[in-house]
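Residue strings, one per chain:
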Amino acid sequence: MFRLRYSRIVVLFFVAVFTLTAQATTINIDELSLWAGGTIGFGNTVTVGGPVASAGNISAGNGTSLSSIYTQGNLWLGNNSVVSGNVLANGYVHTGNNVLISGTSVSFGDFVLPPLDSLQQNAVGTNNIYGEKYSTKTLQPGEYRDWSFDKNVTLNLSAGEYNLKNFWMNKDGVVNIDTSLGDVVLNIAGQFDTGKSVTFTNSGSGNLFINVFGHDAWLGENTKLAAVVKVYGGDFGTDSSSDLSGSFYAAGNIWLGNNSQVVYSPVTVIPEPASLALFVMMGFFLSGRKSLKLG
């Protein structure tokens, strides 16, 4: 009788182990700093502070500093690179000299890339916006055609949704994003491009969302951007020394130039007025209960 029970326990144990190992490794897309439906490439001395995942190969130049890496393809890590997390590739894992991986490294794994959510492209307007050198433009939410701003232009945007065809900001431009009354959403049906040293400055507790449909998004050298960027049907890339914060997704490929950095910043949701009122009421209720107990 004892041997029969023992045999059953052993069988159940191996069944459980086989079930766990047979399951594909999946992750939540909201936990990723970078997601690519194609490949991901990093120049030299690039720093990424959150997990990255791709359907294609991932290649990192010398001196890169990365978090956990997941790919359905192969992985190449350049000399003197550091990975402060795990590595999982469905193909080969190639490393250069003096590469440090603090977690586990698995080749020929079974990683399944989480899907990118679908989003309907909104209609655009017919009003073109042009900003001359050293000018200031303040735009309200609505439908537009093309936005084109020369160098040293300041653009002010407030909470709401902006639907437009193309976005171009020349060098040394500043985009002030006021999210004190809610999120700012840019839906761009065409190209999204910036020149050198363009700075997006966020104020308020909301988020900047940039959705690009069917085209590429490219940021010039030394661009500073904090946003959730989703490029549907195109690539996302930066020149050198770009300073990014948030999450960046591209149905195509992703490229970060030399000396660029990405700080992973989870999205925080601003409660709607009704929800906010409910939270306030709950606070008063809990405070009242505490007072009664103390009394």
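Residues numbered from 1 in each chain as written. Predicted model: local features only at pLDDT ≥ 70, side-chain atom pairs only at ≥ 80, totals over all residues. Heavy atoms only, no water.

Draft legend 1. Fine view of the overall build of the chain. What the chain contains, in helices and strands, is two helices and 33 strands. Within the structure as shown, the chain displays about 15000 Å² of accessible surface, and the carbon and sulfur contribution to it stands at 56%. (Helix = DSSP H or I, 4+ residues; strand = E, 2+ residues; numbered from the N terminus. Areas by Shrake-Rupley, 256 points an atom, 1.4 Å probe, with all protein chains shown as cover.)

Draft legend 2. Geometry of the packing of aromatic side chains. Scanning the model with the defined rule gives twelve aromatic pairs in all. Here the aromatic rings of tryptophan 147 and phenylalanine 167 are separated by 6.0 Å at their centres, their planes lie at 50°, and the arrangement is tilted. Highlighted residues: tryptophan 147 in strand S19 (residues 146-149) and phenylalanine 167 in strand S22 (residues 166-169), separated in sequence by 20 residues. Residues tryptophan 147 and phenylalanine 167 agree in their burial class; the two are buried. These aromatic residues form a ring-pair network of at least three members: Tyr144, Trp147, Phe149, Tyr162, Phe167, Phe192 and Phe200. (Phe/Tyr/Trp six-rings, centres within 6.5 Å; stacked < 30°, edge-to-face > 60°. Buried < 20%, exposed > 50% of the residue type's maximum accessible area, 1.4 Å probe, protein only.)

Draft legend 3. Inspection of the environment of glycine 246 at higher detail. Its location among the elements puts glycine 246 in strand S31 (residues 243-250). If we ignore the near neighbours within four places in the chain, the residues touching glycine 246 are Ser33, Ala227, Val263, Tyr264 and Ser265. (Contact = heavy atoms within 4.5 Å.)

Draft legend 4. View of the confidence of the model for the chain. With 83% of its residues at a pLDDT of 70 or more, the chain shows a mean pLDDT of 87. Of the regions scoring below 50 in pLDDT, residues 270-295 engages in seven contacts with residues more than four places distant in sequence or in other chains. (pLDDT = per-residue confidence, 0-100.)

Draft legend 5. A look at the environment of leucine 113. Within the fold, leucine 113 resides in the loop between strand S15 (111-112) and strand S16 (129-131). Judged by its relative accessible area of 14%, leucine 113 is buried. When the C-alpha atoms of leucine 113 and glycine 56 are compared, they prove to be 10.0 Å apart, with 57 residues separating the residues in sequence. Ignoring any residue separated from it by four or fewer positions in sequence, one finds leucine 113 in contact with Trp35, Ala36, Gly37, Ala53, Ser54, Ala55 and Gln72.

Draft legend 6. View of the pairing of strand S21 (residues 160-164). Bridge analysis of strand S18 (residues 142-143) against S21 gives two bridges, and the strand direction is parallel. Residue glycine 142 lies in a different strand from S21, and its bridge partner there is tyrosine 162. (Pairing = 2+ DSSP bridges.)

Draft legend 7. The side chain of asparagine 211, seen in detail. One can find asparagine 211 in strand S27 (residues 208-213). A polar side-chain atom of asparagine 211 sits 2.9 Å from a polar atom in the side chain of asparagine 187. In contact with asparagine 211, other than residues within four places in its own chain, are Leu119, Val185, Leu186, Asn187, Ile188, Lys230 and Tyr232. (Polar contact = N/O pair within 3.5 Å; in protein donor to acceptor, adjacent residues only side chain to side chain.)

Draft legend 8. Inspection of the sheet that holds strand S12 (residues 93-95) at higher detail. If you trace the eleven strands from one edge of the open sheet to the other, you get S12-S9-S6-S3-S32-S30-S28-S25-S22-S19-S16, paired in parallel fashion. The open sheet has two edge strands with one neighbour each: S12 and S16. Here the average twist between neighbouring strands, direction ignored, is 5°. When S22 meets strand S25 (residues 192-194), the two strands line up parallel, connected through three bridges. Residue pairing in the sheet places phenylalanine 167 in a bridge with phenylalanine 192 of S25. (Axes fitted to C-alpha atoms, helices over the stretch in contact; angles between N-to-C directions.)

Draft legend 9. Representation of the layout of surface pockets in the model. A volume near 310 Å³ is recorded for the largest pocket. Contributing to the lining of the largest pocket are 16 residues, with Asp30, Phe209, Val228, Lys230 and Val267 lying nearest its centre. Elements with a minimum of two residues in the lining of the largest pocket: S27, strand S29 (224-232) and S31. In terms of residue count, S29 provides more of the lining of the largest pocket than any other element does, three residues in total. Partitioning the lining of the largest pocket into residue classes produces ten nonpolar, three polar and three charged. (1 Å grid on protein atoms, 1.4 Å probe; cavity = no way out; pocket = protein on both sides within 12 Å on 5 of 7 lines; lining within 4 Å. Points joined across faces, edges and corners; volume = space filled by probe spheres on them. Nonpolar A, V, L, I, M, F, W, Y, C, P; charged D, E, K, R; others polar.)

Draft legend 10. Structural view of the pairing of S19. The side-chain alternation of S19 yields one buried face, formed by Trp147 and Phe149, and one unburied face, formed by Asp146 and Ser148. As paired strands, S16 and S19 are joined by three bridges and run parallel to one another. Within the sheet, the bridge partner assigned to isoleucine 129 lies in S19 and is tryptophan 147. Sheet topology places S19 next to S22; four bridges connect them, and they run parallel. Across the sheet, aspartate 146 pairs through a bridge with asparagine 166, a residue of S22.

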